[in-house]
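Overview (structure and organization)
Single-letter residue listing:
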Amino acid sequence: MSAGTLNDAVRANGNPLAERDVEQQQPQACTLVIFGGGGDLSRRKLLPAIYNQGLDGELPASFALLGFALEDLNDDSFRDFAKGGIERYSRRPVDPDYWPDFARLVHYEQGSFDDAQAYERLKARLDEIDAHFGIPGNRIFYLAIPPALIGTCVSHLKQAGLVNPADGISPFTRVIVEKPIGRDLESARKINATLSENLDESQIYRIDHYLGKETVQNILVLRFGNAIFEPLWNARYIDHVQITVAEEEGVGTRAGYYDKAGALRDMVQNHILQLLTLIAMEPPWSMDADVIRNHRQDVLNCLRRIDRATVDQHLVRAQYGPGFVRGEDVPGYRREENISSDSTTETYVALKVFVDNWRWSGVPFYIRTGKRMPKRASEIAIHFKPIPPILFNSNPDQTLEPNVLTLNIQPNEGLSMRIATKLPGSKVRIYPVKMDFRYGSTFGEQSPEAYERLLLDVMAGDATLFMRRDAVEASWIWVQDIFDAWAETRTRWLPEYPAGTWGPLDADRLIETDGRRWRLL
């Protein structure tokens, strides 16, 4: 279908984005408590997301928001803080007619996360808010805090009587936990164990905002809502898959965190492995959250381990050196502020991954992610196998380019398909063309931010797009082998790639030795 025809269909049938909530569970009356409400995540993402939900009329009729943090704020100054974040980061500007209605929902309670009395004050404040807004005691606690504080916070919540039993009768308690869940397998297991001591698994929502992006959600619709793709979605027709998550910026203000994490922890262990599971999972038999998550878990269980014996054949790591980004002279990683001059933290990693099951036997998944690359771009590219060398592909000097299905995750969410067509004219000449679909141009409005969708899902009790405990630990088990292999090598330096390029030459060799090459983005 052409973009024009699709636009006509949208105009005729109404905007599916506006109809989405008809088919979903409805958000329930609740108070959202943001631990770390005065922090960067709250200002840049969470408060703008809630504001947009309110502007769209998607918040429950009885709803309130409370920031809980150490910063010396009160209700009024927290509302100013929220307004500043919305003005700068919201996909929609502040509406002067709506702002007073939104502001009356916003509250603040100052307190230290390790102070038991602060939780008593928090409980009393929440009781007041419930009574004022007619909220039946339902609470969502968003832990926008460092992983080391998770155990402290959930323990105090439980001791203060702020965690109700998950019996389906009492008002609900739901806790959103931000990634990273730990920094290795052992710490992830400790965090999960602490969560389990204080909460039922059904009350825990481990968030990975990548799963809330429109294109990522569209993977299931694309695969299982269209008849043409699923019969081809296997090793017989797919040659390989490329997953790229490229960042243009350096470490910036995250230097302290990033130097302890690196690209493998920061991007692969969570975001990219979750994308891979959606691409590789078997067809689910229902849209129930646990059915979807069970199928994603199966993929994690089938990942071929990369250990000391194979790490050099399947993985490349490097750091960005000095270079130019958009014409600006930028320093190398080890010259960045708050980064040690002898740091061995990787800012780039490329991997060749295999899913050892019948569907994907022998199909490599090439993954690359890094900082200080030429542009910000995330995509999944499905490369189909070439056609036989007959008819239009019989000339070995001019082989036809295979079909490629590309899912653009950010920016410009959408998908495209490369197919071979005949050039106009009397001669038969083949030319690859691209069929393009963009959410923004097709549906006429900017897609909601990932946090908007995910917060509504928590209010509705839908855990489909959140990670379960076993998935978190399975991904850490797979990644831990690589960390252990790196530890054994005792590397004192990493190779560099110039900032503003697509990574080190070794990453090119990783894929080119297989007769393939990285896509140009």
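We now turn to the structure provided with this report. What you see is a predicted model; the values in this text were computed from it and never measured.

**Some details on helix H7 (residues 150–159)**
Since one α-helical turn is 3.6 residues long, residues separated by three or four positions face the same way. Buried within H7 we find Ile150, Cys153, Val154, His156 and Leu157. Down the axis of H7, the buried side of the element spans an arc of 160°, and every buried residue falls inside it. Tucked into the core, H7 has its buried residues touching strand E1 (30–35), helix H6 (116–133), strand E4 (139–143), strand E5 (173–178) and helix H8 (185–198). Just downstream of H7, glycine 161 is the residue with a positive phi angle, here 75°.

**A word on the pattern of salt bridges**
One pass over the full model with this rule turns up 38 salt bridges. With a shortest N-O distance of 3.0 Å, arginine 139 and aspartate 127 are connected by a salt bridge. Separated by 12 residues along the polypeptide, arginine 139 in strand E4 and aspartate 127 in helix H6 bring together distant segments of the chain. For arginine 139, a relative accessible area of 8% puts it in the buried group. Across the pair aspartate 290 and arginine 468 runs a salt bridge whose closest N-O atoms are separated by 2.9 Å. Of this pair, aspartate 290 sits in helix H11 (residues 289–302) while arginine 468 sits in the loop between helix H14 (450–460) and helix H15 (469–489), placing them 178 residues apart in sequence. Where salt bridges share partners, they join Asp75, Glu109, Arg121, Arg125 and Glu128 into one cluster.

**Structural notes on the packing of helix H10 (residues 255–280) against H11**
Each pair of packed helices can be described by the angle between their axes along with the distance between the axes. H11 packs onto H10 with a crossing angle of 105° between their chain directions and a minimal axis gap of 9 Å. On the basis of their axis angle, the class for H10 and H11 is roughly perpendicular. Contacts from Leu273, Gln274, Leu276, Thr277, Leu278 and Ala280 in H10 reach Arg296, Val299 and Leu300 in H11.

**Comments concerning the sheet that holds strand E17 (residues 496–498)**
The strands making up a sheet associate through backbone hydrogen bonding, with each pair oriented either parallel or antiparallel. Taken in spatial order, the nine strands line up as E16-E15-E14-E13-E7-E12-E11-E8-E17 in an open sheet, and their pairing is mixed. Among the strands making up the open sheet, the edge pair consists of strand E16 (430–438) and E17. Taking each pair of neighbouring strands and ignoring which way they run, the sheet shows an average axis angle of 20°. Bridge analysis of strand E15 (residues 414–422) against E16 gives nine bridges, and the strand direction is antiparallel. By the bridge assignment for E16, arginine 418 is matched with lysine 434. The strands touched by H10 are strand E7 (238–246), strand E11 (348–354), strand E12 (364–370), strand E13 (377–384) and strand E14 (404–410); relative to E12, the strand with the most contacts, the crossing angle is about 145°.

Parameters at a glance
Residues numbered from 1 in each chain as written. Predicted model: local features only at pLDDT ≥ 70, side-chain atom pairs only at ≥ 80, totals over all residues. Heavy atoms only, no water. Buried < 20%, exposed > 50% of the residue type's maximum accessible area, 1.4 Å probe, protein only. Helix = DSSP H or I, 4+ residues; strand = E, 2+ residues; numbered from the N terminus. Arc of directions from axis to C-beta. Contact = heavy atoms within 4.5 Å. Salt bridge = Lys/Arg side-chain N within 4 Å of Asp/Glu carboxyl O. Axes fitted to C-alpha atoms, helices over the stretch in contact; angles between N-to-C directions. Parallel < 35°, antiparallel > 145°, perpendicular 65-115°, else oblique. Pairing = 2+ DSSP bridges.

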